[in-house]
Amino acid sequence: SVYVPRSAYERALAIFNAGRHAEAVAQARAIPPGGPMEDQVCWLLAESAIALGDENGAIQNYRLIADRHPGSPLAPEAWYRIGDLLNKRGEAWNAATAYRELFLRYPASGLAPKGLFAAAYGAAKTGRREDAARDWGRFLETFPQHELAADALFQKAVAEAQLGRNEQALVSYETLLRRFPKTPYAADARFWSGVLLETAGRYWDAARELRAALAAEPSVTIGRLARMRLSLVLFRLG
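Rules behind the numbers
Residues numbered from 1 in each chain as written. Predicted model: local features only at pLDDT ≥ 70, side-chain atom pairs only at ≥ 80, totals over all residues. Heavy atoms only, no water. Phe/Tyr/Trp six-rings, centres within 6.5 Å; stacked < 30°, edge-to-face > 60°. Helix = DSSP H or I, 4+ residues; strand = E, 2+ residues; numbered from the N terminus. Buried < 20%, exposed > 50% of the residue type's maximum accessible area, 1.4 Å probe, protein only. Contact = heavy atoms within 4.5 Å. Core = buried A, V, L, I, M, F, W, Y, C linked by side-chain atoms within 4.5 Å. Axes fitted to C-alpha atoms, helices over the stretch in contact; angles between N-to-C directions. Parallel < 35°, antiparallel > 145°, perpendicular 65-115°, else oblique. Left-handed = near helix turned anticlockwise from the far one by under 90°. Nonpolar A, V, L, I, M, F, W, Y, C, P; charged D, E, K, R; others polar. Salt bridge = Lys/Arg side-chain N within 4 Å of Asp/Glu carboxyl O. Polar contact = N/O pair within 3.5 Å; in protein donor to acceptor, adjacent residues only side chain to side chain.

Caption draft 1: Structural view of the packing of aromatic side chains. Overall, the coordinates contain 9 aromatic pairs when judged by the stated rule. A centroid spacing of 5.1 Å and a plane angle of 65° characterise the contact between Trp-43 and Tyr-62, whose relative ring orientation is edge-to-face. Remark: Tyr-62 occurs in helix α4 (residues 55-68) and Trp-43 occurs in helix α3 (residues 38-51); sequence separation between them is 19 residues. By the burial criterion, Trp-43 is buried, and Tyr-62 matches it. Judged by centre distance (5.0 Å) and plane angle (75°), the ring pair of Phe-117 and Trp-136 falls under edge-to-face. Separated by 19 residues along the polypeptide, Phe-117 in helix α7 (residues 112-125) and Trp-136 in helix α8 (residues 129-142) bring together distant segments of the chain. Summarising the burial analysis for this pair, Phe-117 and Trp-136 share the class buried. Linked through ring pairs, Phe-103, Phe-117, Trp-136, Phe-139 and Phe-143 together constitute an aromatic cluster.

In structure tokens:
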């Protein structure tokens, strides 16, 4: 009967919903591959694998959805789940690659901003500063009004400073403070702007930013560093 594959899937889903995950896997694997419901079957197998503690099986089935069914409404979230599982295993760079694929393939997806943000964060975490700076920039260009835009601006400035692009970092910090004056990153942004200005020999501007950092209720660590830096700058100014 033409209804057999659909019936087999619905039965597997009912077994899964009953919490009998191993049975659900056995039922789903009995469904011939390649049918019109293959993406849903793979999703059920992936979710069952997670419930059974089989992360490799979950990644494999999410990957089948992503590779074989790029037009499926499940594909964007499959990429995101792959990234999450790889992150959980400590494979931060591979996770970042999966998150980036989500953004590149499905930029209009509701998960695309989270995916690109996670990709940039993963690149930064693994020391790939060039990739991090590029992805933070992509995020701000593509999702300028997103709720994570302030975080992205701050992280972009950090990556630029690490790459020695001090002028770009100063512009990013300035943009952050102008667009988001109440950001919790205000004290840090002021402090690091002061450090970069001091490095450039712009001591009066550095003193201004360091004083602003101290006025912005910094953390204990940033407050201590800002006071020390300000003392050194004032010494240089006589």
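Caption draft 2: Fine view of the side chain of Glu-198. Note that Glu-198 resides in helix α11 (residues 186-199). In contact with Glu-198, other than residues within four places in its own chain, are Tyr-203, Ala-206, Arg-229, Val-233 and Arg-236.

Caption draft 3: Representation of the nonpolar core within the structure. Trp-136, Phe-139, Phe-143, Ala-152, Tyr-173, Leu-176 and Phe-191 are the most contacted members of the largest nonpolar core, which totals 38 residues. Going through the elements one at a time, α7, α8, α9 (149-162), α10 (166-179), α11, α12 (203-215) and α13 (220-236) are the ones with two or more residues in this core. When residues of this core are assigned to their parent elements, the largest contribution, 7 residues, is made by α9. Ala-78, Leu-86, Ala-118 and Ala-119 belong to the second-largest nonpolar core, a separate cluster that totals 24 residues.

Caption draft 4: Main features of the packing of α3 against α4. As a packed pair, α3 and α4 sit with axes 7 Å apart at the nearest point and diverge in direction by 160°. The angle between α3 and α4 places the two elements in the roughly antiparallel class. As α3 packs across α4, the resulting crossing turns out to be left-handed. Residues Glu-38, Asp-39, Cys-42, Trp-43, Leu-45, Ala-46, Glu-47, Ala-49 and Ile-50 of α3 lie in contact with α4, whose contacting residues are Gly-57, Ala-58, Asn-61, Tyr-62, Leu-64, Ile-65 and Arg-68. Class assignment of the residues belonging to the contact of α3 with α4 gives a composition of 10 nonpolar, 2 polar and 4 charged.

Caption draft 5: Region of the structure containing the pattern of salt bridges. Under the criterion given, the structure shown has 19 salt bridges. A salt bridge links Arg-134 to Asp-135; its shortest N-O distance comes to 3.2 Å. When its relative accessible area of 34% is taken as the criterion, Arg-134 is described as partly exposed. Its salt-bridge partner being Arg-208, residue Asp-205 comes within 2.9 Å of it at the nearest N-O pair. Of the two residues, Asp-205 and Arg-208 both sit in helix α12, 3 residues apart, roughly one turn of that helix. Residue Asp-205 is classed as partly exposed on the basis of its relative accessible area of 24%.

Caption draft 6: Up close: the environment of Trp-192. In this structure, Trp-192 sits in helix α11. Distance from Trp-192 to Val-158, taken between C-alpha atoms, is 8.7 Å for residues 34 residues apart in sequence. Beyond its immediate chain neighbours, meaning those up to four positions away, Trp-192 contacts Tyr-173 and Ile-222.

Caption draft 7: Fine view of the side chain of Ser-72. With respect to the element layout, Ser-72 can be found in the loop between α4 and α5 (75-88). Side chain to side chain, Ser-72 and Asp-39 meet in a polar contact 2.7 Å long.

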